[in-house]
Amino acid sequence: MWEKDQNIYEIKEIRTRSCVYFGCGAINKINDIAKEFKTKGFDKIIVMSGKNAYKSTGAWNVVEKALLSNGIKYVNYDKVTPNPTTQTIDEAANIAREFGANAVITIGGGSPTDAGKSVAILLKYPDKTAANLFEFTFTPNEAAPVVAINLTHGTGSETNRLAVATILEKNYKPAIAYDCIYPLYAIDDPELMTGLSPKQTRYVSIDAVNHVVEAATTTLSSPYTITLAREVIELVSKYLPKAIKNPDDLEARYFLCYAAMMGGVCFDNGLLHYTHALEHPLSAVKPDFSHGLGLAILLPAVIRNIYSAKSNTLAYILEPIVEGLKADPSDANKAANGVYEWLKSVDVPNKLKDEGFTGDDIDKLTELVFTTPSLDGLLAIAPTKATKEAVAAMYKESL
């Protein structure tokens, strides 16, 4: 019960590769950031957001006031959608270049943050496109400064060096990871998250759970990622039901936000493997498909696949949601079924067939796992051999 000693209204500085201002009311730190940016000459900013949340949460009122009061000019690009596309990123980058932007502020969940990171790179490489970036035709080593104001307790993108975008015409959804796109500052304010819909509340926290399950079981995992994974799963198992029951429960949002932030740090260190490699084709083929929901659907099958290779780790980190697991490959079914029961307990019983996928899609999805740029890197660090047969079997089990 260490959580009871925490004052959720006290703003903490959490140092990762970014400086994270964490706590209820942390949005007000944007004024200090704006003052610093002005003194350093970052006086023209593009603000990346979706259509509504940046305003409905109240974040924009605070951000705009801070920019104006510090003499910083801005242009707002508010067309970022879930699963942002390279076309969106190019459009925003062109607007930013024409405006003369020399820094980026993102307001939103993973999608505006990822799109903003990508624009930050393209500001330093005006002859390049988002497709160039996500098809790896060049390797960036610099980007404009990024401030990430987070509105969800899920992706952890505000704390790491990763970004994702969809190349629509190829059904590709690659991921990039470059040190130059660590946000300089991040703001995690749970008061901005109470307006998340019930579905998104579930999906984003399940995203955080997936991050740590994968990061703790890649071939790059470490004691650090395993420790973080256990804590994230414990916090989500405890506080997600409370946030579902009462969306205005700030204590629940606070600890879910903390869990998601740790999840971002966790997969920044251990990276990811099957669940994300298999989900990216799903939301590339169906851009309106929720990333977190796709991860939830795939997770039991992935756990069944990897349990034999990582039974000690999985028995330990999954204990808060699946009690009594043995560190033995024979408990693979118990682990997978237990995770599915937990997903059902938070009202996410979905299967791929519920979302419009059929057995006829498996071959195409499997092919995309092996042809989408960057996903081979995830497969290469999976704890079991990543064959097309194994991937197809996980998709089939998830139907």
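In this report, we go over the structure that sits alongside the text. (Residues numbered from 1 in each chain as written. Predicted model: local features only at pLDDT ≥ 70, side-chain atom pairs only at ≥ 80, totals over all residues. Heavy atoms only, no water.)

Next up on the list: the nonpolar core. Among the nonpolar cores identified, the biggest contains 79 residues, and V213, L278, L318, W342 and Y395 are the most heavily contacted of them. Looking at this core, the element that brings in the most residues is helix α9 (residues 250–270), giving 12 residues. Excluding anything up to four places from it in sequence, L278 contacts L298, V369, V391, M394 and Y395. With 34 residues, the next largest nonpolar core counts I89, A120, A165 and L368 among its residues. (Core = buried A, V, L, I, M, F, W, Y, C linked by side-chain atoms within 4.5 Å. Buried < 20%, exposed > 50% of the residue type's maximum accessible area, 1.4 Å probe, protein only. Helix = DSSP H or I, 4+ residues; strand = E, 2+ residues; numbered from the N terminus. Contact = heavy atoms within 4.5 Å.)

Neighbouring strands of a sheet are bound in pairs by backbone hydrogen bonds; such pairs are parallel or else antiparallel. Taken in spatial order, the 7 strands make up an open sheet running β1-β2-β9-β6-β5-β3-β4, and their pairing is mixed. The two strands at the open ends of the sheet, each matched to only one other strand, are β1 (12–15) and β4 (73–77). Ignoring which end each strand starts from, the neighbouring axes of this sheet average 20 degrees apart. In this structure, strand β3 (residues 44–49) lies alongside strand β5 (residues 103–108), joined through 5 bridges in parallel fashion. In the sheet register, S49 faces β5, and the bridge partner there is I107. In the packing of helix α5 (residues 110–124) onto the sheet, contacts are made with β3, β5 and β6 (146–150), and the angle to β5 comes to roughly 170 degrees. The sheet strands contacting α9 are β1, β2 (19–22) and β9 (185–188), and the helix crosses β2 at an angle near 170 degrees. (Pairing = 2+ DSSP bridges. Axes fitted to C-alpha atoms, helices over the stretch in contact; angles between N-to-C directions.)

Turning to the environment of Y178, a few remarks are in order. Within the secondary structure, Y178 sits in the loop between β8 (175–177) and β9. For the pair Y178 and E142, spaced 36 residues apart in the sequence, the C-alpha separation amounts to 8.9 Å. Once residues lying within four places of it in the same chain are set aside, the contact partners of Y178 are I121, L133, F136, F138, T139, P140 and R161.

Here we come to the packing of helix α10 (residues 274–285) against helix α16 (residues 388–398). Relative to each other, α10 and α16 sit at 70 degrees, their axes nearing to 11 Å. The angle between α10 and α16 places the two elements in the roughly perpendicular class. The element α10 and its partner α16 pack so that their crossing is right-handed. Where α10 abuts α16, its residues Y274, L278, P281 and L282 lie against V391, M394 and Y395. In the contact of α10 with α16, the residues fall into 7 nonpolar, no polar and no charged. (Parallel < 35°, antiparallel > 145°, perpendicular 65-115°, else oblique. Left-handed = near helix turned anticlockwise from the far one by under 90°. Nonpolar A, V, L, I, M, F, W, Y, C, P; charged D, E, K, R; others polar.)

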